[in-house]
Amino acid sequence: MARSWRRCARSRRKRKQARLRHRESRFVNVITADKSRCRSSYRCVRSCPVKAIRIQDGRAEVAPERCIGCGLCVRSCSRQALSVRSDLEPLRALLEAEKVVAILAPEYVAAFHPQQPDQVHAALEQAGFFGVEEMVLGEELVALEYQRLLSDFRGETLIRSTCPGAVAWIQKYRPALVPLVAPVVSPMIAQGRLVKATYPGRVKTVHIGPCPARKIEATGPAVKDAIDLVLTFDELRRLFDELGIDLRIAHGGNGNRQRPLLLKEASLVDGFPREQLENRTMLDNEFRVARGVGDISRLIGALEEGEASARLLDVSLCEGCADAPISWSLSLFARRKIISDYYRHCREASKTQITLEQLRSRLPSVAMARPFEAERIDEEFPPARELTRILGEGGMCDPQQQLDCGACGYDTCREQALAISRGLAEWEMCHPRQRRLLSGLVDRLRELSTTDGLTGLINHRTFTERLEEELHRVERYSKLVSVLMVDIDMFKTVNDTLGHLAGDEVMVAIAKRIADSVRGSDIVSRWGGDEFGVILPETDKTQAFAVAEKLRTKIQDEPLKLLSAGNESELEVTVSIGVATSDGPRTSDEIMTDADKALYLAKTRGRNRTELGGDLPVAPAPEEG
Ligand code: SF4
Ligand code: SF4
């Protein structure tokens with residue numbers, strides 16, 4: 001019954017997951033999962049700020065509808081079971097068929113350090129790129145656009161973000177805030193459009209940067225004209241490896257590569273308008289910065305509660321793209337220094353006298369505005385009774401069992417139950433619950449391995465272990481121990497005439513009588529077949545004989561009522577008992593052999609008797625009829 005109920009719950013969960021997968025096929029998935037590598041540690045669930053990891057049969061995969069492309073799960077997985085989707089295959093097709101311009105995010109100088117920027121450019125040309133650009137002008141244009149927007153802004157609050165992950169979070173998880181997001185493209189889109197507008201003929205653009213969320217951004221309907229493909233630095237490294245390009249010796253072109261022009265005149269990192277930070281102080285409440293989902297969420301909460309105020313919020317998932325969660329070989333400080341040193345050097349080496357405004361007037365104009373739309377995800381809240389049912393399924397109805405320990409990746413057990421109802425999680429993720437189940441299972445296995453299934457008495461193996469313990473005690477403390485070997489007389493006849501059910505009933509009843517007739521400290525076992533063994537610690541031969549006789553007469557005097565043979569049916573049963581005692585160093589085999597010999601003596605002397613073991617003659621036992 002319980003099993004079929006569990007099966008039912010499991011198939012309900014599977015159906016729900018299949019429905020979700022169908023719906024999700026419309027969303028871009030930038031994280032791929034290799035389930036064979038997943039070892040169910042749920043670290044990715046713990047690291048995902050929006051709980052976009054779905055666990056099915058203990059293995060992780062990403063729910064694209066919920067994912068904002070931050071890449072934290074990839075960094076958290078020590079088994080590399082999750083990775084950023086590779087776009088090398090479409091890149092190869094693009095390189096074969098089209099003129100492709102690579103656009104490098106500024107962080108590339110740190111990502112490929114100590115190789116020089118010139119070497120990266122040369123390697124890209126060797127790989128077949130038609131042109132290589134740096135995303136500098138894009139940042140400058142975006143900064144100018146923000147300057148213009150902010151100087152005209154008369155509203156209450158504006159959210160500025162060039163971080164596609166932060167924007168995706170607002171679109172999916174705070175859709176009501178979408179109208180507050182500044183309608184400006186990111187530097188990647190600006191640069192892509194600029195490249196397409198300035199290069200002669202038709203070119204394709206490939207953005208190369210650290211952030212997987214850019215792969216989602218590039219496919220947005222309002223901007224998909226700008227960038228044809230997004231690669232991460234890791235993908236670029238793999239491309240170089242595949243093509244056998246060694247960055248250390250890469251060379252190409254005429255060695256007179258133009259340094260990026262007009263560097264950082266209007267923008268700080270990520271197209272942040274430099275002007276915006278001038279004359280700001282720490283006491284300035286107009287401008288607030290939040291990094292990471294938790295921080296952004298708290299800041300927005302504080303603004304909504306009136307605990308804080310701000311006209312301009314600058315939000316992103318990381319501390320700038322130099323902090324993107326990929327595997328860097330250098331610290332964040334070192335990366336930032338390398339990037340700023342490089343651009344400072346470019347600026348100083350630049351011979352051009354042209355200003356940004358002058359240059360902009362000569363550049364083709366590209367669209368810098370973009371709309372953002374809410375992308376509400378399906379955050380179903382099941383009715384309370386459904387949540388209670390799910391909690392019950394996990395054995396969590398009792399609040400005492402709800403530890404809210406967070407080991408599953410969810411802060412509370414109720415959140416975990418909610419995730420289960422949404423097809424994202426399963427109770428097997430709950431470590432305390434699994435531990436509870438496991439220890440119950442271990443107890444059960446221990447019980448099964450030590451007891452006899454029919455009578456509930458300990459089994460032969462456990463009896464022998466206990467007897468050996470007693471014999472050690474006898475040897476060490478000069479004590480006594482006696483054993484009884486009890487055998488049901490003519491048991492075969494019971495089985496043959498009344499059937500095995502009746503035989504089992506007799507076994508159970510005799511086991512109970514033996515157990516009821518001895519002390520709590522005595523040990524009763526089913527020795528095997530229709531024989532029982534009893535250990536009587538600290539009992540001498542005379543006392544043991546008396547115990548055996550009391551037991552034998554009790555069984556003889558009280559016929560058994562057999563249910564299987566009809567209500568009125570009574571059966572007279574007798575037992576024969578062999579007694580053996582040890583007061584010195586003996587093995588369990590030796591003392592049981594003595595008891596066995598005494599038992600056979602009782603059988604040969606007419607059954608329904610007790611005999612004492614010791615130096616007894618070995619007589620053949622009579623046939624049990
Ligand atoms: S990329 Fe970020 S949002 Fe997407 S599943 Fe991974 S951690 Fe979650
Ligand atoms: S007790 Fe289980 S369900 Fe609750 S938070 Fe901990 S791991 Fe998650």
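Here the structure is a predicted model, which means the values were calculated and not measured.

K.L.:
Where do I start with the pairing of strand S8 (residues 204-209) in this structure?
P.N.:
Two faces, one strand: in a regular strand the side chains alternate between the faces of the sheet. Most of S8 sits inside the fold, with six of its six residues counted as buried. Burial along S8 is two-sided: the face carrying Lys204, Val206 and Ile208 and the face carrying Thr205, His207 and Gly209 are both buried. For strand S5 (residues 100-104) and S8, the ladder comprises five bridges, and the chain directions are parallel. Residue pairing in the sheet places Val101 in a bridge with Thr205 of S8. With four bridges joining them, S8 and strand S9 (residues 229-232) adopt parallel strand pairing. Along S9, the bridge assignment pairs Ile208 with Leu231.

K.L.:
Sorry, what's going on with helix H11 (residues 233-243) here?
P.N.:
For an α-helix, 3.6 residues make a turn, and residues three or four places apart therefore share a direction. Of all the positions in H11, only Phe233, Glu235, Leu236, Leu239 and Phe240 are classed as buried. Buried residues of H11, seen end-on, are gathered within an arc of 160° and therefore sit on one face of the element. In this fold, the buried residues of H11 make contact with helix H4 (88-97), helix H5 (108-111), helix H6 (117-126), S8, helix H10 (213-217) and S9. The first or second residue beyond H11 is Gly244, which carries a positive phi of 70°.

K.L.:
Got a minute to help me understand the sheet that holds S9 in this structure?
P.N.:
Note: strands within a sheet are paired through backbone hydrogen bonds, in either parallel or antiparallel orientation. Taken in spatial order, the four strands make up an open sheet running S6-S5-S8-S9, and their pairing is parallel. The open sheet has two edge strands, strand S6 (131-134) and S9, and neither has a second partner. Strand-to-strand twist of the sheet, defined as the mean angle between neighbouring strand axes without regard to direction, takes the value 25°. As defined by bridge partners, S5 adjoins S6 across four bridges and the pair is classed as parallel.

K.L.:
What is the right way to look at the sheet that holds strand S10 (residues 287-291) in this model?
P.N.:
Taken in spatial order, the three strands of this open sheet run S7-S11-S10, and their pairing is parallel. Edge strands, defined here as strands with exactly one partner in the open sheet, are strand S7 (158-160) and S10. Taking the axes of each pair of neighbouring strands and ignoring which way they run, one obtains an average angle of 25° across the sheet. Alignment of S10 against strand S11 (residues 312-316), held across five bridges, turns out to be parallel. Looking at S11, one finds that Arg291 is bridged to Ser316. Each of S10 and S11 is contacted by helix H13 (residues 293-304), which is oriented at about 145° to S10, the strand it contacts most.

K.L.:
I keep staring at the packing of H4 against H11 and nothing clicks. Help me out?
P.N.:
Pairs of packed helices are described in terms of their axes, by the angle between the two and the distance that separates them. H11 packs onto H4 with a crossing angle of 60° between their chain directions and a minimal axis gap of 11 Å. Our classification of the angle between H4 and H11 gives oblique. The hand of the H4/H11 crossing is right-handed. Facing H4, whose interface residues are Leu88, Leu91 and Arg92, H11 presents Glu235, Arg238, Leu239 and Glu242. Its residues assigned to classes, the contact of H4 with H11 comprises three nonpolar, no polar and four charged.

K.L.:
Could you clarify how one ought to interpret the environment of Ile338 in this entry?
P.N.:
Counting through the fold element by element, Ile338 comes out in helix H14 (residues 332-349). Take Ile338: its relative accessible area is 18%, and that puts it in the buried class. In sequence terms Ile338 and Val109 are 229 residues apart; their C-alpha atoms lie 7.0 Å from each other. Those residues in contact with Ile338 that lie beyond four places of it in its chain are Val109, Ala110, His113 and Leu330.

Quick notes on the rules
Residues numbered from 1 in each chain as written. Chains lettered and ligands numbered in written order. Predicted model: local features only at pLDDT ≥ 70, side-chain atom pairs only at ≥ 80, totals over all residues. Heavy atoms only, no water. Buried < 20%, exposed > 50% of the residue type's maximum accessible area, 1.4 Å probe, protein only. Helix = DSSP H or I, 4+ residues; strand = E, 2+ residues; numbered from the N terminus. Pairing = 2+ DSSP bridges. Arc of directions from axis to C-beta. Contact = heavy atoms within 4.5 Å. Axes fitted to C-alpha atoms, helices over the stretch in contact; angles between N-to-C directions. Parallel < 35°, antiparallel > 145°, perpendicular 65-115°, else oblique. Left-handed = near helix turned anticlockwise from the far one by under 90°. Nonpolar A, V, L, I, M, F, W, Y, C, P; charged D, E, K, R; others polar.

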